[in-house]
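Topology and contacts: notes
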Amino acid sequence: VQLQASGGGLVQAGGSLRLSCAASGRTFSRYVMGWFRQAPGKEREFVAGISRSGGSTYYADSVKGRFTISRDNAKSTVYLQMNSLKPEDTAVYYCAGDYRYSDEYVARVTREYEYWGQGTQVTVSS
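A few points on the structure. (Residues numbered from 1 in each chain as written. Predicted model: local features only at pLDDT ≥ 70, side-chain atom pairs only at ≥ 80, totals over all residues. Heavy atoms only, no water.)

1. What about unusual backbone geometry?
Threshold: Helix and strand labels come from DSSP, where a helix needs a run of H or I of at least four residues and a strand needs a run of E of at least two; each type is numbered from the N terminus.
Of note in this structure, Ser76 is not a glycine but carries a positive phi near 55°. With respect to the helices, strands and loops of the structure, Ser76 is situated in the loop between strand 7 (67-72) and strand 8 (77-82). A positive phi is found at Ser84, a non-glycine position, where the angle reads about 50°. Position of Ser84 among the secondary structure elements: in the loop between strand 8 and strand 9 (91-98).

In structure tokens form, the structure reads like this:
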């Protein structure tokens, strides 16, 4: 599967952005999907994940209550709605996918994902 992330940009603190990740190739509905981010000088970290059906989601504590992950299997796209953005949310955001897991499993670490998009920059100004 090929993944293409988009939707990043510059936003003021307290603002919102919606990231999209479009997939092509194998059947999207077979893939567990996730969003990660990497700030300069820091390791890539998990942000949010969603099961194949969309019935299960999981969030990093730092974004819980502010970010929402969702997917549209008919459009082969996963989304990350980001509200109440903070300067510490500034990072390159990556989408990732993998098909090796059971239906309601949500993968939460980088090694659980085989396929990665190219990243989209999110910058939150104070």
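What follows picks up the thread again.
2. Focus: the state of the cysteines
Where we set the bar: Any two cysteine sulfur atoms within 2.5 Å of one another count as a disulfide. Summary of the burial criterion: residues with accessible area below 20% of their type's maximum are buried, those above 50% are exposed, and those between are partly exposed, where the area comes from a 1.4 Å probe applied to protein chains only.
Tallied over the full model, the rule gives 1 disulfide. The partner cysteine of Cys21 in its disulfide is Cys95, sulfur to sulfur 2.1 Å. Its torsion about the S-S bond being 60°, the disulfide of Cys21 and Cys95 is classed as right-handed. Separated by 74 residues along the polypeptide, Cys21 in strand 3 (residues 17-24) and Cys95 in strand 9 bring together distant segments of the chain. Like Cys95, Cys21 is buried.

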